[in-house]
Amino acid sequence: MGHFAFGSRAAGYRRKIALLSATIVFHTALNAGVALAQAVTYSIPAGALDGALTRFGIASGVQVLYDSSVTRGLRTSGVQGQLASNAALARILAGTGLSYRFTGANSVTIGGPSKPLAAGSATAEGSTVLSPINVTAGGSGNPRDTPYETPGSSSYISAEQLNRITATTAGDVFVGTPGVISAGGHVGTSINPNIRGLQGMGRVTTTVDGARQSTSSYRGYIGNRDEVYVDPDMLGGVDISKGPSSGVGVGGIGGAINFRTLEARDIVREGHEYGVRLKTDIGSNTISPPAADTRSSDDRPAFLNGDAWSGNVAAATTQENIDFIIAYSKRRNGNYFAGTKVPDGVTFGTTPGVANAAPGPGSEVFNTSQDTSSVLAKLTLRWADDQSLELGFNRYNSRYGEINELQFQPWAPSGQAQHDLSEIRVDTYTAKYRYQPQDNPLVDFRANAWLTDLNADSNTVKVNGFGGYGDLSAGGDISNTSRFDTPIGALTWENGLEIVNENAKSSTLVSGTLYTSPAPIGVRTMESGYTKATLKPLDWVSLSAGARYDHYDSRGKDYLAAYPEKSGQRLSPNIGITLEPAVGVQFYGLYTEGYRPPSLRESHWNYGWLLGINPDLQPELAKNTEFGVNILKDGIFLPGDSLRFKAALFSNNYENYIVRGPADGINNRYKWDNIAAAHYRGVELSASYDTGTYFFDGNITNYTRIEYCPTSSTCTPYASGLDYGGSYVPPTYAGSITAGFRAFDDALTVGARLQFASERSGGKIATGGIAAPQTWPRYQVVDLFGSYDFGNDLKANVSVENLFDRYYIGALSSIGVAAPGRTFKASLTKTF
C-alpha cells in the first residue's frame with residue numbers, strides 16, 4: 001500500500017495547542033449529596049427489580065451501579081414509607097440474594113453474593129464491589145433503555161442485537177435502528193450513514209471509541225461518499241444521537257454515531273478476574289473473487305459451502321485497579337449472489353437514464369468480497385477510587401472489492417466485471433481520563449484525546465491513473481459537569497471545549513494547467529466551546545438551555561495552497577423542556593441549532609475541468625425542532641414484563657444547504673454552491689415489549705415532507721439534476737419488526753425480523769441531469785435467527801437472511817446493485 005508524507009503541520013496546530021492547553025478552573029469543592037441517613041418517602045410497588053431500582057434512583061437521587069445480568073428476571077416486594085436510603089434499598093433487595101455497598105454519599109453498587117471483591121478482599125459489611133457497568137440516577141441503568149429515558153432522539157444497538165444476525169457488511173448493524181440507513185451499503189466495506197436524510201461531507205459525525213474518521217471518496221457522476229471503517233466483530237455496542245449536538249460533536253449537524261469497541265467487561269465473566277473469548281462463524285452465498293476483468297458469473301454455491309468465515313479471539317482481565325483487553329479478528333467472504341425472486345418494477349435493460357438493476361437474478365455480484373483483519377488493545381488504570389485513564393489502539397486493515405458506481409452502470413463499457421481489489425488501513429489511538437470524586441457533586445471531569453491515521457489505495461481511483469489518498473485527523477475535548485442544589489431546584493451544568501484537526505492528503509495528476517486529485521488536499525480545524533444548564537424547579541419538570549460557539553478555518557496544501565484560506569464562526573443556541581407527570585413517562589420539546597463548515601472536499605478539492613473550487617461557499621446552518629414522548633414501564637401487563645415506547649415528531653431545517661451546481665459561464669463545469677434551504681419533516685416511532693419469555697421490537701420512520709429550496713420561495717421534492725443530494729433522499733417510510741421467544745430457562749432463543757422500505761420519498765426522480773438518482777421498488781425482507789446456550793459458556797447462533805431469496809435493492813443505494821440473496825450463517829462462541 002502506498003503512503004504519503006505530510007508537510008509541516010506547525011501552523012495548522014497553532015489554535016489546537018492553545019485550546020488543548022486551556023485550564024478549567026472550578027468553584028470551591030463542596031461536600032453536598034444525599035446523606036445515607038436522610039429520610040425519603042418511598043412508594044415502590046412489588047414488581048420487576050430493574051423497575052424498582054429505577055424508582056429508587058428517582059426518589060433518593062442516589063446513583064445506582066450494577067450489571068444488568070445479575071438483576072435479570074428478579075422481582076422485589078417493593079418498599080413503602082419514610083426511610084433512609086440504605087434501609088429502603090435493603091428492603092428492595094430482600095429475598096433477591098443480592099447485596100449492596102454505598103461507595104459515596106450519592107452512589108451505590110449492587111451485585112450477587114458470589115461475586116468476589118476486588119483483589120479478593122471483603123468489606124466489613126460483607127457486601128460486593130462491582131465495576132461501574134450500568135448507571136442509573138433516575139434511570140434504568142440498562143444502556144438499551146437510554147433512548148427511552150432521554151429527552152431527544154437517540155438509539156442504542158446492544159451486543160445482543162449485534163450478535164443476533166451477524167453483519168454481512170458493517171452497515172448492516174443499522175438494520176432495526178429508526179431513522180438511520182447505511183447508504184450504498186454494498187459498494188465496499190465502508191459505512192456511509194444517513195440520519196434523517198442527512199449524509200456525506202461530515203454531516204454525520206462518526207467515531208470509533210470517540211475518534212473521528214473524516215475520509216470521503218469521489219464516485220464519479222454519482223457523487224461523494226463518506227468512508228468509515230469498523231469491524232463488526234470488534235464491537236461492544238453502538239450509540240446514536242440525531243440532530244446537532246449540544247456537547248461534543250462539532251460540525252455534525254445530522255447527528256453522531258459512536259462505535260464502542262470491546263472492553264474487558266465484555267469478555268470477563270461475572271465473578272472472575274480473567275476471561276478469554278473464542279468466536280467463529282461460517283456463511284453461505286459467497287464465492288472467492290475471480291481474476292480481474294472476469295465478466296462471467298460462477299454458479300451459486302449450495303448451503304454452507306460459501307467462501308465466508310470469520311474468527312476472533314479476545315483475552316481480558318479485570319482487577320481492582322486495572323482492566324486490560326487484547327483482541328484479534330479475521331473476516332473473509334467472497335462475492336455474494338443476488339436473490340432470485342424479482343419483484344415488479346425492476347428492469348435489467350441497458351438504456352442510460354433508466355433505473356436498471358444489475359446483475360441478473362441469482363448472479364454473482366462482482367467486487368463485493370473482503371479480507372479484513374483487526375487488532376484491538378485497551379488498558380484502563382484506576383486510582384484513588386475516583387480517577388481513571390483508558391488508553392486504546394485499534395488497527396483495521398482490509399483488501400476488498402469495491403464497486404465504482406459509474407463503471408457499474410449496465411450501459412458502461414466496463415459494467416459487470418471483476419476489478420482489482422482495494423486496500424485500506426486505519427490506525428486509531430485514544431486516551432480517556434475521568435475524575436469523578438464521589439463526595440464532590442461539582443466535579444465530573446473528562447478529558448479525551450485521539451488520533452486517526454487512514455491510508456487508502458482504491459480501485460475506483462486507480463482506474464483513472466491516480467495513486468492513494470488518506471487523512472490524518474487528531475483532536476480532543478475536555479468537559480466538566482457540576483450538580484448542585486439551588487433555591488429554585490436542582491441544577492446540572494455542563495461546560496466543555498473541543499478541537500478537531502483534519503489533514504487530508506492525495507495523489508495528483510497534472511494535465512497542462514489542470515490539476516486533478518481523487519481526494520482533497522488541505523487542512524481544516526474546527527474548535528468549539530459549549531455550555532448547557534438543566535434546572536429541575538419541580539420534581540416533574542426539567543428546563544434546559546445552552547449554547548455552543550463554533551469556529552473553523554481551512555486552507556489548501558500543495559497546488560491548492562494558492563486558494564484563499566476560509567474561516568468562520570457562529571454561536572448556536574439550544575433550549576428544551578421535559579415533563580414527567582408519572583414515573584417512567586416523559587414529554588419533551590427541543591429546539592437546537594447547529595453549524596457545519598464546508599468539508600475539505602467542498603472547500604479544497606479540484607477535479608480537473610469537471611469540478612472547481614467556490615471561494616464564496618458558506619457553512620450550513622441547522623435549525624431543528626422536535627417534540628416527543630418516552631414511556632419506560634415495568635410490570636405493566638404481567639409480572640416482570642417491560643414496555644418501552646418512543647415517539648418523536650421532528651422538523652429539521654437547513655439553511656445554506658450545499659449542493660453541486662453549474663459553474664458560472666463555463667459549460668460542463670461545476671462547483672459547490674449554497675441553496676436557500678433543505679427541509680426534512682416526519683415522525684419516528686420505536687417500541688419494545690418483553691415478558692421474559694416473549695419479546696418484540698419495532699420501529700418506523702415516516703417522512704411527511706422532504707424538499708430542497710433553490711430560493712426561499714421555490715422548493716421541490718428533489719435537488720437539482722446536477723446535484724448528488726437526490727441520492728441522499730431516504731424512503732418515504734422504512735423500519736423493521738422483530739419478534740421471538742425464549743425457552744428452556746432462556747437457553748434457547750428463536751425469532752424473526754422483517755425489514756421494509758418504500759420507494760424514495762418524492763417518487764420517481766425526474767431525469768434531466770447526469771447525476772439524477774434513481775428510484776428503486778419498495779421491499780420487504782424476512783430474516784430468521786436463533787441461539788442456544790449449551791452451558792459452560794458455550795453458545796451457538798444461527799440465522800437465515802433474506803429467507804425468501806428476494807431480489808431487492810437496498811434503501812439509499814446510489815445504483816442498482818442487488819442486495820445479497822438467501823444467506824445461511826452459523827457461529828459458535830466459547831468463553832473461558
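Our structure is the block above this text.
An account of the accompanying structure is given in this report. Note that the coordinates shown come from a computational prediction; the quantities given were computed from them, not determined experimentally. Along each chain, residue indices are assigned from 1 in the same order as the chain's sequence is written. Only residues with pLDDT of at least 70 are given local features in this predicted model, and only at 80 or more are side-chain atom pairs given and counted; all residues enter the totals for whole chains, interfaces and linings. Hydrogens and waters are ignored; side-chain quantities use all the structure's heavy atoms.

**Let's talk about the overall build of the protein**
- We count a stretch as a helix when DSSP gives it H or I for four or more residues in a row; a strand needs E for two or more, and each element gets its number in order from the N terminus. A tally of regular secondary structure across the protein gives nine helices and 47 strands.
- Here the term buried applies to any residue with accessible area under 20% of the maximum for its type, exposed to any over 50%, and partly exposed to those in between, with areas from a 1.4 Å probe on protein chains only. A burial count over the protein gives 56% of its 832 residues as buried.
- For the protein, the share of sequence-separated contacts (at least 6 apart) that also reach a separation of at least 24 residues comes to 70%.
- Carbon and sulfur atoms make up 57% of the accessible area of the protein, which amounts to about 32,100 Å² in all. Contacts were defined at the residue level, with two residues in contact if any of their heavy atoms lie within 4.5 Å. Where accessible areas are quoted, they stem from the Shrake-Rupley method and a 1.4 Å probe; at the residue level, only the protein chains shown are allowed to cover.

**Side note on the state of the cysteines**
- Cysteine sulfur atoms are paired as a disulfide whenever they fall within 2.5 Å. Scanning all chains against the criterion turns up one disulfide.
- The side chain of Cys709 participates in a disulfide bridge whose partner is Cys715; the two sulfur atoms lie 2.0 Å from each other. Classification of the bridge connecting Cys709 and Cys715 rests on its S-S torsion, roughly 100°, and on that basis the disulfide is right-handed.

**Comments concerning empty space enclosed by the protein**
- Site definitions follow a grid-based scheme: protein atoms alone, a 1 Å grid, a 1.4 Å probe that fits but cannot get out for cavities, and for pockets an open set with protein on both sides within 12 Å along at least five of seven lines, plus lining residues having an atom within 4 Å of a point. Grid points are joined across faces, edges and corners, and a volume is the space filled by probe spheres set on the points. All chains considered together, the criterion is met by 16 cavities of 30 Å³ or more.
- Empty space within the largest cavity amounts to approximately 400 Å³.
- Every residue lining the largest cavity is counted, 35 residues in all, and those nearest its centre are Gly202, Gln213, Ser214, Thr215 and Asp226.
- Looking at the lining of the largest cavity, the elements that each hand over two or more residues are strand S12 (204-208), strand S14 (215-218), strand S15 (224-227), strand S27 (469-486), strand S28 (489-506), strand S31 (522-538) and helix H9 (600-603).
- Amino acids outside the nonpolar list (Ala, Val, Leu, Ile, Met, Phe, Trp, Tyr, Cys, Pro) and the charged list (Asp, Glu, Lys, Arg) are all regarded as polar, and Gly is one of them. When grouped by side-chain class, the residues that make up the lining of the largest cavity number twelve nonpolar, 14 polar and nine charged.
- Considered as a void within the structure, the second largest cavity measures approximately 170 Å³ in volume.
- The wall of the second largest cavity is formed by 20 residues, among which Thr168, Ala308, Arg331, Asn333 and Lys825 lie closest to the centre.

**Considering the sheet that holds strand S16 (residues 235-242)**
- Pairing in this open sheet of five strands is mixed, and the strands run S9-S16-S17-S12-S13 from one edge to the other. Either end of the sheet is taken by a strand with one partner, and the two such strands are strand S9 (154-158) and strand S13 (211-212).
- Any two strands with at least two DSSP bridges between them are considered paired. Note: S12 against S13, two bridges, orientation antiparallel. Paired with Thr207 across the strands is Arg212, a residue of S13.

**Some remarks on the sheet that holds strand S39 (residues 670-674)**
- Pairing is mixed across the open sheet formed by three strands, whose spatial order is S35-S39-S38. With partners counted over all chains shown, the strands left at the sheet margins are strand S35 (611-612) and strand S38 (658-662), one partner each.
- Looking at chain direction, S35 and S39 are connected through two bridges and run parallel. What sits directly across from Gly612, in S39, is Lys671.

**Re the pairing of strand S37 (residues 642-655)**
- The buried count for S37 comes to eleven of 14 residues, which makes it a mostly enclosed element.
- Where strand S36 (residues 620-634) and S37 come together, 14 bridges link them in antiparallel fashion. What sits directly across from Lys633, in S37, is Leu643.
- Relative to strand S40 (residues 677-690), S37 is paired through 14 bridges, and the arrangement is antiparallel. Paired with Asn653 across the two strands is His679, which belongs to S40.

**Thoughts on the packing of aromatic side chains**
- Two aromatic rings from Phe, Tyr or Trp, using only the six-membered ring of Trp, form a pair when their centres are within 6.5 Å; if the ring planes differ by under 30 degrees the pair is stacked, by over 60 it is edge-to-face, and anything between is tilted. Inspection of the entire model under this criterion finds 16 aromatic pairs.
- Between Trp383 and Tyr433, the aromatic rings sit 6.3 Å apart at their centres with planes inclined by 35°, giving tilted as the arrangement. With a gap of 50 residues between them, Trp383 in strand S23 (residues 370-383) and Tyr433 in strand S25 (residues 422-435) connect regions that are remote in the sequence.
- Judged by relative accessible area, which is 35%, Trp383 ranks as partly exposed.

**Focus on the packing of helix H2 (residues 49-60) against helix H4 (residues 85-93)**
- Packing of H2 against H4 brings their axes to within 11 Å, and their N-to-C directions diverge by 170°. Comparing their axes, H4 and H2 come out roughly antiparallel. Contacts from Leu49, Ala52, Leu53, Phe56 and Ser60 in H2 reach Ser85, Ala88, Leu89, Ile92 and Leu93 in H4.
- Split by residue class, the contact of H2 with H4 holds eight nonpolar, two polar and no charged. Helix axes are fitted only over the stretch in contact, all axes being lines through C-alpha atoms; the angle between N-to-C directions runs from 0 to 180 degrees. Convention used here: angles under 35 degrees read as roughly parallel, angles over 145 as roughly antiparallel, angles from 65 to 115 as roughly perpendicular, and any remaining angle as oblique.

**Focus: the nonpolar core**
- Working definition of a nonpolar core: buried Ala, Val, Leu, Ile, Met, Phe, Trp, Tyr and Cys residues. They are joined through side-chain atoms within 4.5 Å. Counting residues in each nonpolar core, the largest one holds 21 residues, and the members touching the most others are Tyr42, Phe56, Leu89, Ile92 and Ile110.
- Secondary-structure elements contributing two or more residues to this core are strand S1 (39-44), H2, strand S3 (63-66), strand S5 (79-84), H4 and strand S7 (107-111).
- Ranked by size, the runner-up nonpolar core spans 18 residues in total, among them Ala170, Ile195, Val204 and Val228.

**Looking at the pattern of salt bridges**
- Salt bridge, as applied in this entry: a Lys or Arg side-chain nitrogen positioned within 4 Å of an Asp or Glu carboxyl oxygen. Summed over all chains, the structure comprises 37 salt bridges.
- The residue Arg144 makes a salt bridge to Glu160 at a minimum N-O spacing of 3.7 Å. Taken as a pair, Arg144 in the loop between strand S8 (134-136) and S9 and Glu160 in helix H5 (residues 159-164) lie far apart in primary sequence, 16 residues in all.
- A relative accessible area of 25% means that Arg144 is categorised as partly exposed.
- The class for Glu160 is partly exposed, based on a relative accessible area of 40%.
- Between Asp427 and Arg425 there is a salt bridge whose closest N-O contact spans 3.7 Å.

**A word on H4**
- For H4, the set of buried residues is Ser85, Ala88, Leu89, Ile92 and Leu93. Seen end-on, H4 carries its buried residues on one side only, within an arc spanning 130°.
- At the C-terminal side of H4, Gly95 shows a positive phi close to 85°. Working definition: the arc comes from the directions between the helix axis and the C-beta atoms, pointing outward to the latter.

**Looking at the pairing of S36**
- Summarising burial for S36: eleven of the 15 residues are buried, a large majority.
- As defined by bridge partners, strand S34 (residues 585-596) adjoins S36 across twelve bridges and the pair is classed as antiparallel. Considered in S36, the bridge of Phe587 is made with Val629.

**Considering H2**
- By this rule the span expected of a helix is its residue count minus one, scaled by 1.5 Å. With twelve residues, H2 extends 16 Å between its outermost C-alpha atoms, agreeing within 8% with the 16 Å of an ideal straight helix rising 1.5 Å per residue.
- For H2, every residue scored as buried is listed here: Leu49, Gly51, Ala52, Leu53, Thr54, Phe56, Gly57 and Ser60.

**A word on unusual backbone geometry**
- Positive phi is not limited to glycine here, since Arg196 has a value of about 50°.
- Mapped onto the elements, Arg196 comes out in the loop between strand S11 (193-195) and S12.
- Given the relative accessible area of 3%, Arg196 is considered buried.
- Backbone geometry at Asn656 places phi at a positive 60°, although glycine is not the residue there.
- Within the fold, Asn656 resides in the loop between S37 and S38.
- In this structure Asn656 comes out as partly exposed when scored by relative accessible area, which is 27%.

**What about a nonpolar patch on the surface?**
- Candidate patch residues must exceed 30% relative accessible area and have no salt bridge, after which like charges are joined if within 9 Å and Val, Leu, Ile, Met, Phe, Trp or Tyr side chains if within 5 Å. Together, Leu278, Val313, Tyr328, Val375 and Phe832 line one region of the surface with nonpolar side chains, adding up to about 390 Å² of accessible area.
- Within the element layout of this structure, Phe832 appears in the segment after strand S47 (823-831).

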